[in-house]
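Working through the structure, step by step
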Amino acid sequence: MNILITGPPGAGKTTILEEVKNRIRDKGYSVGGISCPEIREKGIRTGFYITDLSSGLTGVLASIYDNKGLRMGKYGVNIDNIGEIGIKALKNALKTADYIFIDEIGPMELKSTSFSQTVWEVMESQKPVIAVIHQRSRNSFILKVKNRKDVLIFNLTMQNRDSLTEEILESIK
């Protein structure tokens with residue numbers, strides 16, 4: 001079972017993913033994978049971290065200050081950290097975690113073809129995967145993931161925001 005959470009920017013996809021992860025962890029299951037929280041300076045987003053949920057290892061995924069990385073809008077994307085932290089976290093989760101979380105399968109992370117290959121490998125496993133994915137992306141890999149037969153997509157809206165965590169938890173019982 002692969003669960004995708006999608007919705008407009010700022011709707012709370014990461015918050016829902018965190019709530020689901022915490023509830024699963026509270027039930028005694030192990031979790032692994034990655035999160036990519038914002039980096040903010042004086043209230044302004046200047047980039048994103050990439051964090052291994054198991055080890056806590058964190059690096060910069062993208063930053064407005066990175067002039068060497070591949071460009072994604074105003075951000076320079078750190079491909080090395082996608083590999084050293086993101087891919088390693090997902091491969092480790094395949095071996096050790098009961099549930100795998102990915103926040104997110106998005107354009108920055110997909111700058112690494114190895115990342116997309118690893119995401120596919122994780123989704124092919126027997127382990128439940130719960131991931132945030134871009135709502136309107138036309139990226140061929142994102143479309144391929146959304147069209148998998150073993151995927152259940154939850155579209156976050158203002159109307160279902162308060163009930164979505166429970167709906168997702170019910171679907172993975």
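In this convention, every chain numbers its residues from 1, walking through the sequence in written order. Reporting of local features is limited, given that this is a predicted model, to residues whose pLDDT is at least 70; pairs of side-chain atoms are given and counted only at 80 or more, and all residues count toward the totals for whole chains, interfaces and linings. Side-chain figures throughout are based on the complete set of non-hydrogen atoms in the structure, without hydrogens or water.

**A word on the nonpolar core**
- Here, nonpolar core refers to any group of buried Ala, Val, Leu, Ile, Met, Phe, Trp, Tyr and Cys residues whose side-chain atoms link them within 4.5 Å. The rule is simple: take the accessible area with a 1.4 Å probe, protein chains only, and divide by the maximum for that residue type; under 20% is buried, over 50% is exposed, in between is partly exposed. One finds Leu61, Ile102, Ile105, Phe115 and Val119 to be the most contacted residues of the largest nonpolar core, which totals 32 residues.
- Helix and strand assignments follow DSSP, with helices taken as H or I runs no shorter than four residues and strands as E runs no shorter than two, numbered in order from the N terminus. Looking at this core, the elements that each hand over two or more residues are β4 (44-52), β5 (58-63), β7 (75-77), α2 (79-96), β8 (99-105), α3 (113-124), β9 (129-133) and α4 (140-146).
- Here this core gets six residues from one element, more than from any other, and that element is α2.
- One finds Tyr99, Val132, Ile168 and Ile172 within the second-largest nonpolar core, a separate group that totals 19 residues.

**A few points about the environment of isoleucine 142**
- Looking at the secondary structure, you find isoleucine 142 in helix α4.
- Looking at isoleucine 142, the relative accessible area reads 0%, which means it is buried.
- Taking the C-alpha atoms as reference points, isoleucine 142 and aspartate 26, 116 residues apart in sequence, are found 30 Å from one another.
- Residue contacts follow a heavy-atom distance rule, with two residues in contact if any of their heavy atoms lie within 4.5 Å. Ignoring sequence-local partners within four residues, the contact set of isoleucine 142 consists of Ile105, Gly106, Leu110, Ile133, His134 and Ser137.

**What about the pairing of β9?**
- The buried fraction of β9 amounts to five of the five residues, a majority that puts the element mostly inside the structure.
- Burial of β9 is two-sided: the residues Val129, Ala131 and Ile133 facing one way and the residues Ile130 and Val132 facing the other way are all buried.
- Between any two strands, at least two bridges found by DSSP are needed for them to pair. Pairing analysis gives four bridges linking strand β1 (residues 2-6) to β9, with the strands arranged parallel. Looking across to β9, one finds that asparagine 2 is bridged to valine 129.
- As judged from the five bridges shared by β8 and β9, these two strands associate in the parallel manner. Paired with aspartate 103 across the strands is valine 132, a residue of β9.
- Look down the strands so they point away from you; if the path from the first strand over the helix to the second goes clockwise, the crossover is right-handed. Taking the sense of rotation as the criterion, the β-α-β connection linking β8, α3 and β9 turns out right-handed.

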